[in-house]
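# Structure assessment
Residues per chain, in single letters:
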Amino acid sequence: MDNTNDQTIVRKEKLKNLAEKGVDTYPASYENRMQAELALKVDEGERVRVAGRIMSRRLMGKASFAHLQDDSGKIQIYIKKDLVGEEKFSLYKTELDIGDFIGAEGQMFTTRTGEKTLQVSDFTFLSKSLRPLPEKWHGLRDIELRYRKRYLDLIVNEESTAILKGRSKIIASVRRLLEERGYTEVETPILQDIFGGAAARPFITHHNLYNIDLYMRIAPELYLKRLLVGGWERVYEIGRNFRNEGLSKKHNPEFTMLEVYCAYTDYKYMMELSKEIVLSAHNELKKEFTPEIDLTKGWQEKNLWDLISEYSGLSFDPDDSIEELRKKADALKVPSGKDSAAKIIDRVFSAFVEEKLIQPTFVTGYLAKDSPLAKSSSKDLRFAERFELFIGGQEIGNSYSEQNDPEIQRKMFELQVQSSDDGEFSDKIDTDYLEALEHGMPPASGLGIGIDRLAMQVTGASSIREVILFPMLKPSAWDYAF
RNA sequence: GGGCCAGUAGCUCAGUAGGCAGAGCAACGCCCUUUUAAGGCGUGGGUCGAAGGUUCAAAUCCUUCCUGGCUCACCA
């Protein structure tokens, strides 16, 4: 949409005027400037130099106050005609707009109302905003516009910036923690010939030269475990996974996953590590955000079957036949259709239990047959050595002792291929992965944590779209018309 | 895909017994040298999401469509 209007026409005119008056309208730099946050700590009378976007302006004949915003915050500047001179002041008055970038230098002083302010002795025009900013008081409220025009959201909505920068800080803290623990960060293929490592429908793309379809990865798991075979004992990857599924408050088709693998440990180790990761993320942001959930306490471990029995009011048992499960699901008004046992359990869990798991909860007791990449418990072969971590009624992580027996792994893959009727498993078996296992993989545990969801919990964001800079939106005619 | 709600100026929003489209911010002009949602006086700005219908007359009622949000379904 070409929303050219009287305001952009006026602003373009001003840009022209600036150039005609000999102003460099797009200078390349403004050196030695101080960030607003720091400038505000400078003593009165000291000289400072700042740069930023004009966010507001109060003009009074021969003087003016304005706020400049930079990456660190806002600082008020005071421009007086008798200090900057007639010509500069007139330039400021007639050719500058809210939204423009300027650099300013002068002395710090404190106003009558007590705000530390830069009294400008000279300023430099840095860049023009040809379009008006959203309204200064209400900001940009329209949710669609906030996501589509995220840059505007970031300019005017402090909360958005806090959440999204918070996300970056969380990722940095995770990297720091894993670095300290001796982990190596790696990158594995996103374009894959065979997709695996999770149950999900993939995106399909195409390679021209080889003339083959490739899949965007749904998980990096199988590649990371090849590294364990290769002798790397502690590895992790933070990267994008792609799942061709619905969008919701909790789902974006591309999302960021942390996967960690550690040789010579089992899933119990990963319980500890995942707790450390969550707490380190929380610790990183606790000054800015106080989540409703106190993440520092109430961590517990609960059995899947106990949970669904308790919250649904019907007794569920791992040995229930599919008929019994259907009957119970019907009684609970949970649609079961032709679903597998695992899917019915999952539905009941989603309907009755998930939203109740507010405090951090490690759910254990998952069936081995529903956990194709996990090792079975040596105590009871029916169960996998596995947990999922729930916080705030949401799944945050998934972990297990990794299956390293190539024969069992082959059988599990074969079962998957057979049962795949809706495209959520590849119809090809990753034989190279099996070959890798045949070379021997040390016992190891693995952990996956959804970074977006972790960020939601720690920042208190109610939608995954709030923690993703540019969430997926339906393409609109809008985007093409510019 | 189903249900509910919404779309009016650049932004935030008012506006139904159907009767000349409004406010605040932003913009433009004038005044104003400690303001901070600055203030005062004045001015311009609209395909009321789109198309069709009912009507003397539609932002308003009807139909269809588009876009979005919430929700359900789908989905580690």
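Located above this text is the structure these notes cover.
These numbers were taken from a predicted model, which means no experiment stands behind them.

This part covers the overall build of chain A. Each helix and strand in chain A was counted, giving 16 helices and 16 strands. For chain A, the spread of C-alpha atoms along the three principal axes comes to 85 × 55 × 50 Å. Looking at chain A as a whole, 48% of its 482 residues are labelled buried. The long-range fraction of contacts in chain A, counting pairs at least 24 apart against all pairs at least 6 apart in sequence, stands at 66%. Roughly 24500 Å² of accessible area belongs to chain A as shown, and the carbon and sulfur atoms make up 51% of that amount. Between the mean site of the 68 positive side-chain charges and the mean site of the 79 negative ones, chain A shows a separation of 6 Å.

What follows is about the nonpolar core. Ranked by internal contacts, the top residues of the largest apolar core, which has 40 residues, are Leu-258, Val-260 and Ile-277. Looking at this core, the elements that each hand over two or more residues are helix H7 (158-180), strand E10 (234-242), strand E11 (254-263), helix H9 (267-285), strand E14 (386-391), strand E16 (444-450) and helix H15 (451-459). A per-element tally of this core places H9 first, with 8 residues. For Ile-277, the contacting residues outside a window of four places in its chain are Val-174, Leu-177, Leu-258, Leu-447, Ile-449 and Leu-454. Within the second largest apolar cluster, 25 residues are counted, among which are Val-84, Ile-102, Met-108 and Val-120.

The next point concerns the protein's contact with RNA strand B. Around RNA strand B lies a shell of 50 residues, among which Thr-113, Lys-136, Glu-245, Arg-386 and Asn-398 are the nearest. The sugar-phosphate portion of RNA strand B accounts for 56% of its atoms within 4 Å of the protein, the bases making up the rest. With respect to RNA strand B, the side chain of Tyr-78 contributes an N or O atom lying 3.4 Å from a base oxygen. A distance of 2.4 Å is found between a phosphate oxygen of RNA strand B and a backbone nitrogen or oxygen belonging to Ala-199. Those elements giving two or more residues to the surface near RNA strand B turn out to be helix H1 (6-20), strand E1 (47-60), strand E2 (63-70), strand E3 (73-80), helix H5 (143-148), helix H12 (341-353), E14 and strand E15 (394-401). Residue contributions to the surface near RNA strand B peak at 4 residues, all from H1. Classifying every residue of the surface near RNA strand B by side-chain character gives 12 nonpolar, 12 polar and 26 charged.

Moving on: the packing of H1 against helix H4 (residues 86-95). In helix packing, the relevant descriptors are the interaxial angle and the interaxial distance, both defined with respect to the helix axes. Where H1 meets H4, the axes come as close as 10 Å, and the angle between the chain directions of the two elements is 160°. As summarised for this structure, H1 and H4 are arranged roughly antiparallel, according to the angle between their axes. Relative to H4, H1 is oriented so that their crossing is left-handed. Two secondary-structure elements touch here, H1 through Lys-14, Asn-17 and Leu-18 and H4 through Leu-91, Thr-94 and Glu-95. A breakdown of the residues in the contact of H1 with H4 according to their chemical character gives 2 nonpolar, 2 polar and 2 charged.

With that settled, the discussion passes to the environment of Thr-290. Secondary-structure assignment places Thr-290 in the loop between H9 and strand E12 (300-303). With a relative accessible area of 74%, Thr-290 lands in the exposed category. Sequence separation between Thr-290 and Gly-460 is 170 residues; the distance between their C-alpha atoms is 7.6 Å.

The pairing of E1 with strand E4 (residues 101-110) spans 7 bridges and is antiparallel. Looking across to E4, one finds that Val-50 is bridged to Ala-104. Across 10 bridges, the pairing between E4 and strand E5 (residues 116-127) is antiparallel. What sits directly across from Met-108, in E5, is Leu-118. In this antiparallel pair of consecutive strands, E4 and E5, the connection spans 5 residues, and Gly-114 shows a positive phi of 90°.

The final tally for this structure, using the stated rule, is 10 aromatic pairs. An angle of 65° between the planes, with centres 4.7 Å apart, marks the rings of Phe-195 and Tyr-215 as edge-to-face. With Phe-195 in the loop between strand E7 (191-192) and strand E8 (204-207) and Tyr-215 in strand E9 (residues 212-216), this residue pair connects regions lying 20 residues apart in the sequence. Tyr-215 sits in the buried class, given a relative accessible area of 17%. Ring geometry for Phe-362 versus Phe-387: centroids 5.0 Å apart, planes at 80°, classification edge-to-face.

For an α-helix the count is 3.6 residues per turn, leaving residues at separations of three or four pointing the same way. For H1, which comprises 15 residues, the first-to-last C-alpha distance of 21 Å matches the rise-based estimate of 21 Å (1.5 Å per residue) to within 8%. Each element contacted by the buried residues of H1 is listed here: H4 and E5. Following H1 by one or two positions, Gly-22 has its phi on the positive side, about 85°.

The rules behind each value
- Residues numbered from 1 in each chain as written.
- Chains lettered and ligands numbered in written order.
- Predicted model: local features only at pLDDT ≥ 70, side-chain atom pairs only at ≥ 80, totals over all residues.
- Heavy atoms only, no water.
- Helix = DSSP H or I, 4+ residues; strand = E, 2+ residues; numbered from the N terminus.
- Buried < 20%, exposed > 50% of the residue type's maximum accessible area, 1.4 Å probe, protein only.
- Contact = heavy atoms within 4.5 Å.
- Areas by Shrake-Rupley, 256 points an atom, 1.4 Å probe, with all protein chains shown as cover.
- Lys, Arg positive; Asp, Glu negative; His and termini not counted.
- Charge placed at Lys NZ, Arg CZ, Asp CG, Glu CD.
- Core = buried A, V, L, I, M, F, W, Y, C linked by side-chain atoms within 4.5 Å.
- Near = heavy atom within 4 Å.
- Polar contact = N/O pair within 3.5 Å; in protein donor to acceptor, adjacent residues only side chain to side chain.
- Nonpolar A, V, L, I, M, F, W, Y, C, P; charged D, E, K, R; others polar.
- Axes fitted to C-alpha atoms, helices over the stretch in contact; angles between N-to-C directions.
- Parallel < 35°, antiparallel > 145°, perpendicular 65-115°, else oblique.
- Left-handed = near helix turned anticlockwise from the far one by under 90°.
- Pairing = 2+ DSSP bridges.
- Phe/Tyr/Trp six-rings, centres within 6.5 Å; stacked < 30°, edge-to-face > 60°.
- Expected span 1.5 Å × (residues − 1).

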